[in-house]
Amino acid sequence: MKTSKTITRAFCVELQQEVSIVAARREFFSQEPPRARFSFLCSSEACRALGVKITGVRYDVKPQEHPTFVAAHFRANPNYEHHADCEWVDDAQSPDDQPDPAETEAQSALRKVKRKLDDYIDVFDPALKESAKAAPVPIKSDTPVSEPLTPSAVASDAPRTTKTTPTRTNNLERLVDSFRQAQAQLSKEEFALLTLRVPGQGEVSLRSYFRHIKFAQPGEERRVLYGGGLVERYGTGFKFKFFDRLQGKLVTLYVSPAQMQAYRSSRYISELLSHADEVRFFTVFALGTLALSPSGKSVSVHIEDLRHLAIVLGPAKEPTDPQTAAVAG
Ligand SMILES: [Zn+2]
């Protein structure tokens, strides 16, 4: 059968684990070059047994600001038929946007907006359940703990409903990708409809869970603070300096060499930061809190763990060729 739902997870053959596309990208860039591409099979056990392949798109491209935003995503491989029990096949062979007679107009509008995104997140759980030093254990960055709703966990004869199960994650970078795609591809009105459930904070609008650093407030509830800036390296560590000031003060985010060394995906971060000479800036997304420096002259963003940090490359520097520059205006 053909899939009719947006595929948000797949089984990575090389990692021997189910992953989101964002987790696949992080693992891809954590390899030593030359990096090998991954093979993906359908996350549903019945399909995996049949060798049903899934295509991973753009997970081998670093997250970067582009005028034409294309999110990394999974898509069905047209050469493979999925098992009837596959989680991405709808019972009624109808697309997700088949209206449910009980739904309200607002629910219907929200469902249509979600369908436009490759990976819509319903629930984001920022709790850090496992140790950051899980080095020898295979990929725990996007663990099944956070995304437990695999069909293998459900008895195969259990009645399947057309209701979509909520997509949960504890992976900040995945939430950031979803936010960036929503920002780039939805209208303002559509974007305003999106909500996010955060354990401990309840339901918030997706837009309000992200706050540009220039609008941040010291002491307010923890949110994803973001903004553009430049990076200074301190050995393996770094200091990120935001361009925008907060109440006239410089805002920085410091990551020590020790923190980097203890972090299992530090190679991925280093890889992104290695492009400092080629990009105009970096955009940092940090789930943290603000603190005034002891001198009172600057503000720092504190994050509990590097899993609460996501970095996106800014646009490439303008070409110096005067002709190209003239065309670009
Ligand atoms: Zn399948």
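Just above, that's the structure.
Residues numbered from 1 in each chain as written. Predicted model: local features only at pLDDT ≥ 70, side-chain atom pairs only at ≥ 80, totals over all residues. Heavy atoms only, no water.

J.: So what's going on with the overall build of the protein chain? Which residues, and what values?
T.: For the protein chain, the count of helices and strands is 9 helices and 16 strands. Burial statistics for the protein chain: of 329 residues in total, 47% are counted as buried. Partitioning the contacts of the protein chain with sequence separation of at least 6, the portion at a separation of at least 24 is 68%. (Helix = DSSP H or I, 4+ residues; strand = E, 2+ residues; numbered from the N terminus. Buried < 20%, exposed > 50% of the residue type's maximum accessible area, 1.4 Å probe, protein only. Contact = heavy atoms within 4.5 Å.)

J.: For the layout of surface pockets, give the residues involved together with the corresponding values.
T.: Considering only enclosed or pocket space, the second largest pocket measures out at about 230 Å³ in volume. Forming the walls of the second largest pocket are Glu-65, His-66, Phe-69, Arg-180, Gln-183, Ala-184, Tyr-226, Gly-227, Gly-228, Phe-281, Thr-283 and Phe-285. Secondary-structure elements contributing two or more residues to the lining of the second largest pocket are helix 4 (172-185), strand 11 (223-234) and strand 14 (282-292). Grouping the constituent residues of the lining of the second largest pocket by class yields 5 nonpolar, 5 polar and 2 charged. Among the domains, domain 1 (10-200) and domain 2 (211-313) are the pair contributing at least three residues each to the lining of the second largest pocket. (1 Å grid on protein atoms, 1.4 Å probe; cavity = no way out; pocket = protein on both sides within 12 Å on 5 of 7 lines; lining within 4 Å. Points joined across faces, edges and corners; volume = space filled by probe spheres on them. Nonpolar A, V, L, I, M, F, W, Y, C, P; charged D, E, K, R; others polar. Domains from an automatic or database assignment.)

J.: Could you give an account of the coordination of the zinc ion, with specific residues and numbers?
T.: Perfect tetrahedral coordination of a metal by four donors corresponds to 109.5 degrees between them, and perfect octahedral coordination by six donors corresponds to 90 or 180 degrees. Those donors, Cys-42 (SG), Cys-47 (SG), His-82 (ND1) and Cys-86 (SG), are the protein atoms that reach the zinc ion, and they lie 2.1 to 2.3 Å from it. Each of the 4 donor atoms bound to the zinc ion contributes to angles spanning 105 to 115°, and the resulting shape is tetrahedral. Sequence positions of the donors to the zinc ion reduce to the motif C-x4-C-x34-H-x3-C. Here Cys-42, found in strand 3 (residues 40-42), pairs with His-82, found in the loop between strand 5 (73-76) and helix 3 (105-115); they are 40 residues apart in sequence, far enough to count as distant. For the pair Cys-42 and His-82, one class covers both residues: buried. (Donors = N, O, S within 2.8 Å, 3.2 Å for Na, K, Ca; no water. Tetrahedral: all angles 85-135°; square planar, octahedral: opposite > 155°, others 65-115°.)

J.: Please provide a residue-by-residue account of the pattern of salt bridges, values included.
T.: Enumeration over the complete set of coordinates arrives at 22 salt bridges. When the shortest N-O distance is used, the salt bridge between Glu-304 and Arg-222 registers 3.4 Å. A residue pair is termed long-range when its members are at least 10 positions apart, and Glu-304 in the loop between strand 15 (298-302) and strand 16 (309-313) and Arg-222 in the loop between strand 10 (210-212) and strand 11 qualify at 82 residues. With relative accessibility at 61%, the residue Glu-304 sits in the exposed group. In this structure Arg-222 comes out as partly exposed when scored by relative accessible area, which is 26%. (Salt bridge = Lys/Arg side-chain N within 4 Å of Asp/Glu carboxyl O.)

J.: Please provide a residue-by-residue account of the sheet that holds strand 3, values included.
T.: Pairing in this open sheet of 5 strands is antiparallel, and the strands run 2-1-3-4-5 from one edge to the other. Each end of this open sheet is capped by a strand with a single partner; those strands are strand 2 (17-19) and strand 5. Across the sheet, the mean angle separating the axes of adjacent strands is 45° when strand polarity is ignored. In this structure, strand 3 lies alongside strand 4 (residues 53-57), joined through 2 bridges in antiparallel fashion. (Pairing = 2+ DSSP bridges. Axes fitted to C-alpha atoms, helices over the stretch in contact; angles between N-to-C directions.)

J.: Provide a residue-level description of empty space enclosed by the protein, including the pertinent values.
T.: Taken as a whole and judged by the stated rule, the model has 6 cavities of 30 Å³ or more. The calculated volume of the largest cavity comes to roughly 120 Å³. Among the residues forming the lining of the largest cavity, the class breakdown is 6 nonpolar, 3 polar and 5 charged. There is about 100 Å³ of room inside the second largest cavity. Every residue along the wall of the second largest cavity is listed here: Arg-26, Glu-173, Tyr-263, Tyr-268, Ile-269, Leu-272, Leu-306, Arg-307, Leu-309, Ala-310 and Ile-311. Elements represented by at least two residues in the lining of the second largest cavity include exactly helix 8 (266-273) and strand 16. In terms of residue class, the lining of the second largest cavity is made up of 8 nonpolar, no polar and 3 charged.

J.: Now, about the packing of aromatic side chains: what can you tell me, with residues and values included?
T.: On inspection of all chains with the given rule, the structure shows 19 aromatic pairs. Aromatic pair Phe-38 and Tyr-59: ring centres 5.9 Å apart, planes at 5°, arrangement stacked. Here the residue Phe-38 occupies a position in the loop between helix 1 (21-29) and strand 3, and Tyr-59 occupies one in the loop between strand 4 and strand 5, the gap between them amounting to 21 residues. For the pair Phe-38 and Tyr-59, one class covers both residues: buried. Across from the ring centre of Phe-11, 4.0 Å away, lies the NZ or CZ of Arg-48, which sits over that ring. (Phe/Tyr/Trp six-rings, centres within 6.5 Å; stacked < 30°, edge-to-face > 60°. Lys NZ or Arg CZ within 6 Å of the ring centre and 35° of its normal.)

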